[in-house]
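Each chain, letter by letter, is given below.
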Amino acid sequence: GAGQRRVYALPERILPAAPFAAPEPDAADALRWEALLRLKQRRLVTLKRAELPRVEDLVQAVTVDGGATLHCLRADLAHFDATADEPAERAAPLLLAPLDPLVYDRRVTSSLWGFDYTWEVYTPPAKRTRGYYALPVLSGAELVGHVDPKADRDAGKLAVVGRAVRRGHAVTGAVGELARFLGLRR
């Protein structure tokens, strides 16, 4: 019927003309752009042997506590230097999104923090170890565990159905903040 009819616009009618007029980048430029995009999105990445020559003019190798060699943009070094000499204060724990740049690359997360995190929303229930929507907990510069929240929209509440957080890191405030953000009560 007419209610199921879909109409699509042509890209030329909704996008600016400049991208269509630009020459197609060669393969080397496209691969450089892809590596730079990953560096900008995640800030600290592992670069494959073939990727490094494409961006070596813009990156700096970083090794944390003898771990794997990672790379960051030289423009980001100021962020590392600004906090390198500061005493580690115990900050209030924060809940990270499942695809946060700190946990997006499992190898980097495991190498830096010894924290093996998998977003288990697509994992069959019988194989889950943390929970359906478990969120990593960041406390200061450490990943200290996870919290698995569950929203009950009908009751207007946010419940914690699973958690494993290192002793001394209270997550009540972070869970309360998530509940407020979702328009729920704890």
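Residues numbered from 1 in each chain as written. Predicted model: local features only at pLDDT ≥ 70, side-chain atom pairs only at ≥ 80, totals over all residues. Heavy atoms only, no water.

Colleague: Looking at this model, I keep getting lost on the overall build of the protein. Mind explaining?
Modeller: A count of helices and strands for the protein gives eight helices and six strands. For the protein, the N- to C-terminal ordering of α and β elements is α-α-α-α-β-β-α-β-α-α-β-β-β-α. A compact globule built from 186 residues would reach a C-alpha radius of gyration of about 16 Å, whereas the protein, at 22 Å, exceeds it by more than 25%. Along the longest, intermediate and shortest principal axes, the C-alpha atoms of the protein span 65 × 55 × 30 Å. Counting across all 186 residues of the protein, residues that qualify as buried make up 30%. Roughly 13100 Å² of accessible area belongs to the protein as shown, and the carbon and sulfur atoms make up 54% of that amount. Where the 27 positive side-chain charges of the protein centre and where its 23 negative ones centre are 9 Å apart. (Helix = DSSP H or I, 4+ residues; strand = E, 2+ residues; numbered from the N terminus. Rg over C-alpha atoms; globule rule 2.2 N^0.38 Å. Buried < 20%, exposed > 50% of the residue type's maximum accessible area, 1.4 Å probe, protein only. Areas by Shrake-Rupley, 256 points an atom, 1.4 Å probe, with all protein chains shown as cover. Lys, Arg positive; Asp, Glu negative; His and termini not counted. Charge placed at Lys NZ, Arg CZ, Asp CG, Glu CD.)

Colleague: Would you mind showing me how to read the sheet that holds strand 5 (residues 142-152) here?
Modeller: Strand pairing in a sheet is mediated by backbone hydrogen bonds. Such pairs are either parallel or antiparallel. As summarised here, the arrangement of the four strands in space is 3-4-5-6, forming an open sheet in which the pairing is antiparallel. Either end of the sheet is taken by a strand with one partner, and the two such strands are strand 3 (94-95) and strand 6 (157-165). (Pairing = 2+ DSSP bridges.)

Colleague: Just to check I follow, could you spell out the nonpolar core for this structure?
Modeller: One broad trend across soluble globular proteins is that nonpolar side chains are buried collectively. Ranked by size, the top nonpolar core spans nine residues in total: V137, V144, V147, L158, V165, V171, V175, A179 and L184. Of all the secondary-structure elements, those providing two or more residues to this core are strand 5, strand 6 and helix 8 (172-181). With sequence-adjacent residues up to four places away left out, V147 is seen in contact with L95, Y133, A134, L135, V137, V160, G162, R163, V165, V171 and V175. Within the second largest apolar cluster, eight residues are counted, among which are L39, L47, V55 and V59. (Core = buried A, V, L, I, M, F, W, Y, C linked by side-chain atoms within 4.5 Å. Contact = heavy atoms within 4.5 Å.)

These values are about where atoms sit, not about what they do.
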